[in-house]
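Breakdown of the fold
Residue-level listing of the chains:
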Amino acid sequence: MLFPDYRPRRLRQSEAFRRMIRETVLSADDFILPLFAIGGKDVKNPIPSMPGHCQLSTEHLVKTAKEAYELGIPAVILFGIPETKNALATAAYSKDGIVQKAVSELKSKVPDLAVITDVCLCQYTDHGHCGVVEGHIIDNDATLDLLARTALSHAKAGADMVAPSDMMDGRVTEIRNVLDENNFSHVPIMSYAAKYCSAYYGPFRQAADSAPKFGDRRTYQMDPANALEAIREVTMDVEEGADIIMIKPALPYLDIICRVRQEIDLPVAAYNVSGEYAMIKAAEEKGWLDGKRAMMEMLTAIKRAGADMILTYFAMDAAKELRRS
Ligand code: PBG
Ligand code: ZN
């Protein structure tokens with residue numbers, strides 16, 4: 001089709017036409033809101049690098065979760081900030097740990113909201129790594145049991161879905177087995193399948209107090225340069241029994257989302273991470289761009305690339321924006 005026979009502008013001339021030919025439409029159904037649970041009463045600690053987000057004690061957590069649900073958001077993902085940290089991350093799988101308590105409270109107060117729990121050790125280890133440390137080496141196989149215990153304790157507390165974010169090899173199999181053996185075969189696993197070693201996690205580590213005290217996460221998280229390896233990682237998790245696979249971060253990895261969407265027939269989630277959120281908020285504060293438009297454009301791009309759901313700190317803002325339009 002060539003000019004002047006074809007004029008693409010014909011179908012752009014009115015909002016009605018633009019709506020008629022729009023290919024990607026965001027909905028609150030697409031969003032999963034990350035929340036940070038902390039102990040204590042009436043605690044609401046603002047996270048400086050994530051304006052609008054706070055570490056929340058249970059009553060505030062419930063209030064925010066309710067608000068999210070009322071805005072049409074179907075699910076939240078919970079991260080815990082424990083009181084104690086140690087080498088074996090015992091607070092991650094203790095029966096009355098922060099996430100375990102928050103989950104049961106959320107399920108009793110907002111029962112229809114799906115509660116997903118992040119399963120990892122880094123907020124709970126004194127060294128801040130996602131696995132058990134031997135010397136300065138992360139011991140993959142010694143970590144698996146602790147991750148499985150953590151996932152099981154979340155399921156026992158009432159979690160609707162568990163989401164391992166550690167990037168140890170073999171953890172999906174381990175978690176699936178332990179859940180099945182304990183009558184939780186109905187609890188799905190959303191695996192952080194292709195999780196890159198990214199600078200965009202910076203603000204989150206401030207929010208969750210989970211920065212590694214030595215070294216970095218390069219021996220377990222993926223090299224940003226690799227795409228074929230992402231397919232191998234994702235395929236592995238599918239074969240191990242993952243129900244939903246996640247790509248993380250989202251915006252700098254749209255090519256990965258697109259490829260995975262084409263090769264895999266399971267639902268694909270994308271994590272629009274803390275740094276992606278912080279960039280827009282910071283630029284907006286400086287008056288350098290229109291924050292709302294940049295947010296909607298970013299989320300639309302992630303969905304257009306092939307994500308079926310988006311974990312995003314923009315969930316509430318975007319759901320409000322969708323109500324307005
Ligand atoms: C920890 C974890 C991280 C995120 C989710 N779970 C950070 C990390 O790997 O250091 C990042 C989330 C974000 O940046 O929004 N396993
Ligand atoms: Zn971790």
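Placed above this text is the structure.
Our subject in this report is the structure included herewith. (Residues numbered from 1 in each chain as written. Chains lettered and ligands numbered in written order. Predicted model: local features only at pLDDT ≥ 70, side-chain atom pairs only at ≥ 80, totals over all residues. Heavy atoms only, no water.)

**As for a nonpolar patch on the surface**
Residues Leu11, Phe17, Met20 and Ile21 make up a contiguous nonpolar surface patch of roughly 390 Å² in combined accessible area. On the basis of relative accessible area, Met20 is assigned to the exposed category, the value being 64%. (Patch = residues over 30% accessible without salt bridge, like charges linked within 9 Å, V, L, I, M, F, W, Y side chains within 5 Å. Areas by Shrake-Rupley, 256 points an atom, 1.4 Å probe, with all protein chains shown as cover. Salt bridge = Lys/Arg side-chain N within 4 Å of Asp/Glu carboxyl O. Buried < 20%, exposed > 50% of the residue type's maximum accessible area, 1.4 Å probe, protein only.)

**Some details on the layout of surface pockets**
Looking at the largest pocket, its volume works out to about 840 Å³. Glu15, Arg22, Thr24, Met296 and Thr300 are, among the 20 residues lining the largest pocket, the residues nearest its centre. Where the lining of the largest pocket is concerned, the elements lending two or more residues are α1 (15-20), α10 (291-305) and α11 (315-324). Looking at the lining of the largest pocket, its residues break down into six nonpolar, three polar and 11 charged. Size it by volume and the second largest pocket reaches roughly 360 Å³. Together, 20 residues line the second largest pocket, and Gly52, His53, Cys54, Thr64 and Met316 are the ones closest to its centre. Put simply, the parts of the chain that give the lining of the second largest pocket at least two residues each are β1 (31-38), β3 (54-56), α2 (58-70), α9 (274-285) and α11. Here the lining of the second largest pocket is built from residues that sort into 10 nonpolar, four polar and six charged. (1 Å grid on protein atoms, 1.4 Å probe; cavity = no way out; pocket = protein on both sides within 12 Å on 5 of 7 lines; lining within 4 Å. Points joined across faces, edges and corners; volume = space filled by probe spheres on them. Helix = DSSP H or I, 4+ residues; strand = E, 2+ residues; numbered from the N terminus. Nonpolar A, V, L, I, M, F, W, Y, C, P; charged D, E, K, R; others polar.)

**Regarding the coordination of the zinc ion (ligand 2)**
The coordination sphere of the zinc ion (ligand 2) contains the protein donors Cys120 (SG), Cys122 (SG) and Cys130 (SG), at a distance range of 2.2 to 2.3 Å. One way to put it: the four donor atoms around the zinc ion (ligand 2) meet at angles of 98 to 120 degrees, and that makes the site tetrahedral. Between consecutive donors of the zinc ion (ligand 2), the numbers of intervening residues give the motif C-x1-C-x7-C. Side by side, Cys122 and Cys130 carry an identical accessibility label, which is buried. (Donors = N, O, S within 2.8 Å, 3.2 Å for Na, K, Ca; no water. Tetrahedral: all angles 85-135°; square planar, octahedral: opposite > 155°, others 65-115°.)

**Regarding the site of ligand 1**
Residues in close proximity to ligand 1 total 18 residues, the closest being Arg205, Gln221, Lys248, Ser274 and Tyr313. In this structure, Arg217 approaches ligand 1 through a side-chain N or O atom, which is 2.9 Å from an oxygen atom. Residues of the shell around ligand 1, tallied by class, amount to 10 nonpolar, three polar and five charged. (Near = heavy atom within 4 Å. Polar contact = N/O pair within 3.5 Å; in protein donor to acceptor, adjacent residues only side chain to side chain.)

**A few points about unusual backbone geometry**
In the segment running from Phe3 into Pro4, the intervening peptide bond is cis, with an omega of 5 degrees. Along the chain, Pro4 falls in the segment before α1. In this chain, Lys248 is followed by Pro249 through a cis amide linkage whose omega measures -10 degrees. Assignment of secondary structure puts Pro249 in the loop between β10 (244-248) and α8 (254-263). Non-glycine residue Ala89 carries a positive phi angle of around 55 degrees. With respect to the secondary-structure elements, Ala89 resides in the loop between β4 (75-81) and α3 (98-109).

**Digging into α8**
What α8 keeps buried is the set Ile256, Ile257 and Val260. The buried side chains of α8 occupy one side of the element, clustering within an arc of 100 degrees when seen end-on. (Arc of directions from axis to C-beta.)

**Some thoughts on helix α4 (residues 140-157)**
With 18 residues, α4 extends 26 Å between its outermost C-alpha atoms, agreeing within 8% with the 26 Å of an ideal straight helix rising 1.5 Å per residue. Most of α4 sits inside the fold, with 13 of its 18 residues counted as buried. The distance from a side-chain oxygen at the start of α4 to the backbone nitrogen of Asp141 is 3.3 Å, and the residue carrying that oxygen is Asp139. Immediately downstream of α4, the backbone of Gly158 shows phi near 115 degrees, a positive value. (Expected span 1.5 Å × (residues − 1).)

**Comments concerning the pattern of salt bridges**
Within this structure, the stated rule accounts for 15 salt bridges. The residue Asp30 makes a salt bridge to Lys303 at a minimum N-O spacing of 2.9 Å. In this pair, Asp30 sits in the loop between α1 and β1 while Lys303 sits in helix α10, placing the two residues 273 residues apart along the sequence. Lys303 sits in the partly exposed class, given a relative accessible area of 22%. Asp166 serves as the salt-bridge partner of Arg171, at 3.3 Å between the closest nitrogen and oxygen. For the pair formed by Arg171 and Asp166, the shared burial category is buried.

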